[in-house]
Amino acid sequence: MNLPLDTELVENYTFDEITLGQSARLLRTLSLQDIEAFAAVSGDTNPAHLDPEYANDTLFHGVIAHGMWSGALISALLGTQFPGPGTIYQDQALHFVRPVRVGDTLTVTVTVIGRDPSNNSVELDCQVVNQSGHCVLSGRARVLAPTVKVRLPRVTAPRIQVSDPQARFNELLSMSDNLDAVRCAVVHPCDEGSLSGAMDSARYGLIVPVLIGPEARIRHVAAEHGIDLTGAEILSEPHSHAAAERAAELAVSGDVEMLMKGSLHTDELIHAVLSKAVLRTGRRMSHVFRFDVPLYHKPLLITDAALNIRPTLSEKVDIIQNAIDFARIMGVSTPKVAILSAVETVNPNIPSTLDAAALCKMASRGQITGGILDGPLAFDNAISMHAAQIKHITSEVAGHADIMAVPDLESGNMLAKQLEYLAGASGSGLVLGARVPIALTSRAEGPSNRVASALLGLMVAHNARRNHPRLAW
């Protein structure tokens, strides 16, 4: 086999090469991702490993690794280094001495203490110590050592998808189990994505679609892409401006309880809504993304990354209040809001830090209600309690954020797209602050994202129905 010159090789030790007292070691630093990945593949979701708030009240006063994660390092050493490929586990005894925390660097050492030529078995003493030299795990292993010498290219570990996107999608959909579908004006659904998204949402029982736009064009798109329009009402309008205006009128009359953006510009739809005074609430309209992030322990809201370009301080008050109210509708009783900036300290040269400090003070005086605010916080401090602890930040929000309030649309849009394209997050979004929710979807979004946005709109619409019976504004 011809291998590239830079290929890393793995070579084993056969039974005949192994001597008493021979040893090998492996080093590994524990990350939060290690804990989450181990929980994902093992199914062990003990909150002592995954819930910082719960873990802080335990004997160990913080998140700790699964004990068997350290034990798995012994298996990794035996299977890949010493004796290496061909090794067969027979027995393993473990004694857990100390907890292992995020950031701990472990040294795993195995030492040969016995050999049995009758069956090529080897007994090894196993020790795992942390960076302070304290033993965290000890034990003994017995393995069958390989008898055939091998020298192979090192196998790259597969990437782990910590969460199951379909499972999270199904969990989100389950929130609509006892809610009836609402009439939704789908504005100018003249491409495959927006039309199929609307009809998929109807099939999931989330909306009763009222398709508004050029009827011939809508039917052509449906026929071309095999989209079943059964159950949809079509209101023919010649172009996108007229469709947006018709949709806003239906919302004013109470004929629809929700709007969904089709293949038209966002500003067309928003302008039509703003032109109807009765649809305004006196609060700034804003957009909120809801993301399921594989490596974060709960849904994460980001606002505003789609509507308000450079919001003022007073506009940020409305943006944050909209997001808090929405999070409460989605079942978060007291949302934790991280007000993001580049740093976690107030700096007069960074305006977003001044806004963050002012917003927190406004919340403490009751000008923003229903949530817990903290800021400025850098992204790492908002999302990682470990990062906050390193920087000695004491905060109810750090590491537990439900909502991230970004400084402006540019930073929020980049953050949202990074989560989606680099972190494997699945997102959905909604415009809030009007009398009806507006599902605002992107051309690049897939069918499940559009359905998820419809679900968010359904939740908000039912909340509005409870607060405004029969939409009598």
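Each remark here, short or long, concerns the structure printed above.
In this text the structure is predicted, and so the values were computed from the model without any measurement.

J.: Just to check I follow, could you spell out unusual backbone geometry for this structure?
T.: A negative phi angle characterises most non-glycine residues, just as the trans form characterises most peptide bonds. Of note, the amide linkage connecting T303 to D304 takes the cis form, showing an omega dihedral of -10°. Here H392, not a glycine, exhibits a phi torsion of approximately 60°, which is positive. With respect to the helices and strands, the residue H392 is situated in the loop between α13 (385-390) and β16 (403-405). Judged by relative accessible area, which is 71%, H392 ranks as exposed.

J.: Mind showing me how you'd approach empty space enclosed by the protein here?
T.: The probe, sized like a water molecule, is rolled over the atoms to show the empty space still left. A full pass over the atoms with the stated rule returns 3 cavities of 30 Å³ or more. If you add up the space inside the largest cavity, you get close to 100 Å³. In terms of lining residues, the largest cavity is bounded by 16 residues, among which T303, K316, A405, V406 and P407 are the most central. Of all the elements in the fold, those that place two or more residues in the lining of the largest cavity are α10 (313-329), β14 (336-340) and α11 (351-364). The dominant element in the lining of the largest cavity, judged by the number of residues it contributes, is α10, at 3 residues. Classifying every residue of the lining of the largest cavity gives 10 nonpolar, 3 polar and 3 charged.

J.: How should I be thinking about the sheet that holds strand β6 (residues 135-144) in this particular structure?
T.: The pairing of strands in a sheet happens through backbone hydrogen bonds and is either parallel or antiparallel. Read across the open sheet, the 5 strands follow the order β2-β4-β5-β6-β3; overall the sheet is antiparallel. What marks the edges here is a single partner per strand, and that holds for β2 (23-29) and β3 (88-96). Adjacent strand axes in the sheet meet at a mean angle of 20° when their direction is disregarded. In the packing of helix α4 (residues 67-80) onto the sheet, the strands contacted are β2, β3, β4 (105-116), β5 (121-129) and β6, and the crossing angle to β4 comes to about 55°.

Conventions adopted
- Residues numbered from 1 in each chain as written.
- Predicted model: local features only at pLDDT ≥ 70, side-chain atom pairs only at ≥ 80, totals over all residues.
- Heavy atoms only, no water.
- Helix = DSSP H or I, 4+ residues; strand = E, 2+ residues; numbered from the N terminus.
- Buried < 20%, exposed > 50% of the residue type's maximum accessible area, 1.4 Å probe, protein only.
- 1 Å grid on protein atoms, 1.4 Å probe; cavity = no way out; pocket = protein on both sides within 12 Å on 5 of 7 lines; lining within 4 Å.
- Points joined across faces, edges and corners; volume = space filled by probe spheres on them.
- Nonpolar A, V, L, I, M, F, W, Y, C, P; charged D, E, K, R; others polar.
- Pairing = 2+ DSSP bridges.
- Axes fitted to C-alpha atoms, helices over the stretch in contact; angles between N-to-C directions.
- Contact = heavy atoms within 4.5 Å.

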